[in-house]
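For reference, the chains in residue letters:
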Amino acid sequence: MEWYKLLSNFFTSIIKTGVRSNHTFDEKLRIELSNQFVTIGILMGCLHLIVNYLGQNIFPENIIAIIWIGLHSIVLVLNYLQKHQTARFYLVIYATSYVFCLALLYGDLPKFEPMFLFLIVCSIYYFDSKVAYMMIGFILLSYIVASYCIQLDSISVSYTHLRAHETEA
């Protein structure tokens, strides 16, 4: 039972990184929420390293997991340095770019629409109205570009598939 307390204290200290007593309640919540998001990402990267090490031990996957952990850790470092607005900018832009790349990679945009919507909600919560509008514009532009690229790719694939059937006949 002692290990549970140790682990709980460890994660509590990570989530409270950058929180000061002079911050407002809302600001404390924003900092802790961004720290929770990245802590989950860091844990996922560490677990991937462990599973990959115990399993196939594919070297490029280890490198990707280490980069993943490093990119997520930047938010914790920025919050520690009291650069909270920069940390939130980085988090929303990084997450939007990540979801954008996943949508292009897998080509199944409806699966990623809730993630884009979640990023919009986070932008509304994290930023004041002027900055939130700018971030929502960036997220919507990313969604529109991903949608357009996926649509072009599916048209291209179906046209190529159709041409291949015409030449066979």
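Structure shown above.
If you're wondering where the values come from, they're calculated on a predicted model, not measured in any experiment.

Enquirer: Give a detailed account of a nonpolar patch on the surface, specifying residues and quantitative values.
Expert: Nonpolar side chains collect at one region of the surface, where Trp3, Tyr4, Leu7 and Phe10 lie side by side and expose about 500 Å² of accessible area between them. Counting through the fold element by element, Tyr4 comes out in helix α1 (residues 2-15).

Enquirer: Before we move on, could you go through the side chain of His23 and cite the residues and values that matter?
Expert: Following the sequence through the fold, His23 ends up in the loop between α1 and α2 (25-54). Dropping the residues within four chain positions of it, His23 is found in contact with Gly18, Lys28, Ile31, Gln82 and His84.

Enquirer: Describe the packing of aromatic side chains, naming the residues involved and giving the relevant values.
Expert: The full count for this structure, using the stated rule, is nine aromatic pairs. Aromatic side chains Tyr126 and Phe127 sit 6.1 Å apart centroid to centroid with 75° between the ring planes, which places their arrangement in the edge-to-face category. Of the two residues, Tyr126 and Phe127, neither departs from the other in class, the shared state being buried. Three or more aromatic residues joined by ring pairs form one cluster here, namely Trp68, Tyr90, Tyr94 and Tyr98.

What counts, and where the lines are drawn
Residues numbered from 1 in each chain as written. Predicted model: local features only at pLDDT ≥ 70, side-chain atom pairs only at ≥ 80, totals over all residues. Heavy atoms only, no water. Patch = residues over 30% accessible without salt bridge, like charges linked within 9 Å, V, L, I, M, F, W, Y side chains within 5 Å. Areas by Shrake-Rupley, 256 points an atom, 1.4 Å probe, with all protein chains shown as cover. Salt bridge = Lys/Arg side-chain N within 4 Å of Asp/Glu carboxyl O. Helix = DSSP H or I, 4+ residues; strand = E, 2+ residues; numbered from the N terminus. Contact = heavy atoms within 4.5 Å. Phe/Tyr/Trp six-rings, centres within 6.5 Å; stacked < 30°, edge-to-face > 60°. Buried < 20%, exposed > 50% of the residue type's maximum accessible area, 1.4 Å probe, protein only.

Taken by themselves, the reported measurements are silent on function.
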